[in-house]
Amino acid sequence: MSEGGGLHTVGYFTVGAVTYGLAAYKARAWAAERIPSLLLMAIGALAVGTGFIAAAPAVYRWIGETAGVSNLATLVVYTAVTVCCGCILTLALLWSPRRSAGAEVGRPPTETGMRDALRRVAPYYGAATAVMVGLFLSADLPPGEKPLTFDTAFADRPVVLAFLMVYQAAYGWAIWSMVYVCHRRLKDIPDPVLRVSLRRLAIGCVCVGGYGVCKVLAVSGAVLGSHALDVLSTDAGPALSSIGGVIMATGWTGAALRARRQRRRDFLALETLWTTVTQADPGVVLHSPPSGAAWDFHTLRRAHEIRDGQLALRPWTSQTVVDTARRLTDDHGLEAPERDALAAAAGIKGALEALRSGRPPLRPCARLPGIDVPPQAERRHLVAVARRLDSPLVDRILAEARK
């Protein structure tokens, strides 16, 4: 194959651009939420993107010629990939089924869990990186850049072989650990969207792991004096890593994009409920409507305002309406969250009618329905209330309560 590497340059730049975009997306998400796993993904994507860009033959030659160190780009590429692998292994430990609750896929890890995972990874990957740097700089390589054939061209040198094996060990440990964790997690994650994202991540890791297998086979052949398998190192391996990198990127972003869309839908669903309950006391409104994309922040603030509005309506909320709602929803055989949402919606709608008429109920509600839901379920409860505010069953509840 030609050492020009024009196709490789285009391919590596493309994959590098994709992973840089992923790094920017995850960094932005981390800045908004400060979840450690998001920062790990951002650092990993930035590192592997840098590795792909540096591996592009045109850039590879430029690095060596500019620095005056033969094949220095190989050290840059493999160090960047090792950093990414350290991030991947840390994520694998955080998501491992053996870890405690709070370290599950899709949930923020506990601070203790994060520190524990880093303690188990950072020393080994830091040491691997230091050993790689030391071995490479002591290799005394001859002049001449080898952007596509470095591994097989110098595999017969013991120092270079040691360098390559340290790199492949760190690489394989991380990638195949993530494949194992994804496989185990697929068995106990009910969310279909998260399952799809995790499956993509697993498939991407298998492809990326195939790159390492190809490299080891080609290097082994070169050590034994045969270059018949060089194509695995120059073509098959890079192709697998490029394809796998793109698949992993879709796996890392799929569930996040879905969650972002869901947060926006939740905010819009709460709009009607927010407008309704704040009529009782406009002073509970703490801020203007959002103009940006921080849906989590704005939805949280809106939920607080809705709760304050509900409390302002409490003197006008009829216990009779709430009791009627519970009786009718029991007759329909609904689950507890659904019953609470319908009772809350009926209570709010009845309270507003009483407020407008100026006639408070004879029996004010002792405890507002749904007011004691746990914090992690509050958004889901309020969205359910908002979507049932104009339900025919709510109108029926109010009609029954007036009799």
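For the structure itself, look to the data block above.
Residues numbered from 1 in each chain as written. Predicted model: local features only at pLDDT ≥ 70, side-chain atom pairs only at ≥ 80, totals over all residues. Heavy atoms only, no water.

**Q** For this particular structure, what's the right way to read the layout of surface pockets?
**A** Where empty space is left in the structure can be found by rolling a water-sized probe over the atoms. Here the second largest pocket is characterised by a volume of approximately 380 Å³. Lining the second largest pocket are 19 residues; nearest its centre among them are Ser318, Val321, Gly350, Ala354 and Pro361. Listed by contribution, the elements that provide at least two residues to the lining of the second largest pocket are α11 (319-331), α12 (336-357) and α14 (392-402). In terms of residue count, the dominant contributor to the lining of the second largest pocket is α12 (six residues). Looking at the lining of the second largest pocket residue by residue, the class counts come to nine nonpolar, six polar and four charged. (1 Å grid on protein atoms, 1.4 Å probe; cavity = no way out; pocket = protein on both sides within 12 Å on 5 of 7 lines; lining within 4 Å. Points joined across faces, edges and corners; volume = space filled by probe spheres on them. Helix = DSSP H or I, 4+ residues; strand = E, 2+ residues; numbered from the N terminus. Nonpolar A, V, L, I, M, F, W, Y, C, P; charged D, E, K, R; others polar.)

**Q** I tried to follow the packing of aromatic side chains on my own but got confused; where do I start?
**A** For any pair of aromatic rings, geometry is given as the distance between the ring centres together with the angle between the planes. Overall, the coordinates contain 10 aromatic pairs when judged by the stated rule. With a centroid separation of 5.6 Å and 55° between ring planes, the pair formed by Phe136 and Phe163 is classed as tilted. Within this pair, whereas Phe136 is found in helix α5 (residues 111-137), its partner Phe163 is found in helix α7 (residues 158-185), the two being separated by 27 residues in sequence. Of the two residues, Phe136 and Phe163, neither departs from the other in class, the shared state being buried. Counting every residue linked through ring pairs, the aromatic cluster contains Tyr78, Phe136, Phe150, Phe154, Phe163, Tyr167, Tyr171 and Tyr211. (Phe/Tyr/Trp six-rings, centres within 6.5 Å; stacked < 30°, edge-to-face > 60°. Buried < 20%, exposed > 50% of the residue type's maximum accessible area, 1.4 Å probe, protein only.)

**Q** Got a minute to help me understand the nonpolar core in this structure?
**A** As a rule of thumb, soluble globular proteins bury nonpolar side chains together. With 70 residues, the main nonpolar core has Phe150, Met178 and Leu201 as its most contacted residues. If you list the elements that add at least two residues to this core, you get α1 (6-33), α2 (36-55), α3 (57-67), α4 (72-95), α5, α7, α8 (192-223) and α9 (230-277). Sorting elements by how many residues they give to this core places α4 first, with 16 residues. Each residue touching Phe150, except ones within four places of it in the same chain, is listed here: Tyr60, Asn71, Thr74, Phe136, Leu141, Val160, Phe163 and Leu164. Counting 31 residues, the second largest nonpolar core, distinct from the first, contains Ala269, Val321, Ala343 and Ala386. (Core = buried A, V, L, I, M, F, W, Y, C linked by side-chain atoms within 4.5 Å. Contact = heavy atoms within 4.5 Å.)

Bear in mind that shape data such as this cannot, by itself, settle questions of function.
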